[in-house]
Amino acid sequence: MKKTLSKLTVKDSVKSSVKKVSKKSQKTAYTPADGHIRPDWDSYFMSIAETVGRRGTCDRGRSGCVIVRDKHILVTGYVGSPAGLPHCDEVGHEMHKVVHEDGHESMHCIRTIHAEQNAVAQAARLGIALEGGTVYCKMTPCYVCAKILLNCGIKRIVAAKDYHAAMQSKRIFKEAKVKLDILDNSVEKYKNM
């Protein structure tokens, strides 16, 4: 025998499973009785960027990028080798030493392209304009990515953490009036830095 719920039972069930939230959170109107809090848009898109990053193929920095406009995902990208070429996870890193303006040196894997670059490349392949978009990424974009994002017309960057060599990126974002929000001001650490 198939069980069915009456309209009254379903209605009563829904009423008992939600409770009103404070006026501060009126955007979501209700929070379920289990305490779940609906994420704000930045948290929502940042969690998607983290998930996208799991596809990354370089263990030094498995990061993802999500580009959105008007609360809709336009495109995603992650750290990986160009299409058809071997990945770090398969053949190892292609390390390159970079000497910064202040004299300190850091090591970078140049086998892969950055998540932001991959997202922009995907948008180009699919014919998606990024003008006015917001980028969600693991850390402040590097200088090359920053310039690419400026030329795409990106208006806001949301980074989970800061990047150790982000001084130039921050400068040009400020000059171009692109809003940069760093959620955690600590510097992202990764292997062979």
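The structure this text deals with has already been given above.
About the thresholds
- Residues numbered from 1 in each chain as written.
- Predicted model: local features only at pLDDT ≥ 70, side-chain atom pairs only at ≥ 80, totals over all residues.
- Heavy atoms only, no water.
- Salt bridge = Lys/Arg side-chain N within 4 Å of Asp/Glu carboxyl O.
- Helix = DSSP H or I, 4+ residues; strand = E, 2+ residues; numbered from the N terminus.
- Buried < 20%, exposed > 50% of the residue type's maximum accessible area, 1.4 Å probe, protein only.
- Axes fitted to C-alpha atoms, helices over the stretch in contact; angles between N-to-C directions.
- Parallel < 35°, antiparallel > 145°, perpendicular 65-115°, else oblique.
- Left-handed = near helix turned anticlockwise from the far one by under 90°.
- Contact = heavy atoms within 4.5 Å.
- Nonpolar A, V, L, I, M, F, W, Y, C, P; charged D, E, K, R; others polar.

Throughout the structure, instances matching the rule amount to eight salt bridges. Between E175 and R171 there is a salt bridge, and its shortest N-O distance comes to 3.2 Å. Within this pair, E175 and its partner R171 are both found in helix α6 (residues 167–175), separated by four residues, close to a single helical turn. A relative accessible area of 38% means that R171 is categorised as partly exposed.

Attention now moves to the packing of helix α5 (residues 143–152) against α6. The N-to-C vectors of α5 and α6 enclose an angle of 20°; their axes lie 8 Å apart at closest approach. By the angle between their directions, the pair α5 and α6 is classed as roughly parallel. The interaxial crossing formed by α5 with α6 has right-handed handedness. Contacts between α5 and α6 pair Y143, A146, K147 and L150 from the former with Q168, S169, R171, I172 and F173 from the latter. When grouped by side-chain class, the residues that make up the contact of α5 with α6 number five nonpolar, two polar and two charged.

Where helix α4 (residues 115–126) contacts α5, the axes come no closer than 9 Å and their chain directions differ by 30°. What the angle tells us is that α4 and α5 run roughly parallel. In terms of crossing hand, the pair formed by α4 and α5 is left-handed. Residue-level contacts link E116, Q117 and V120 of α4 to V144, C145, I148, L149 and C152 of α5.

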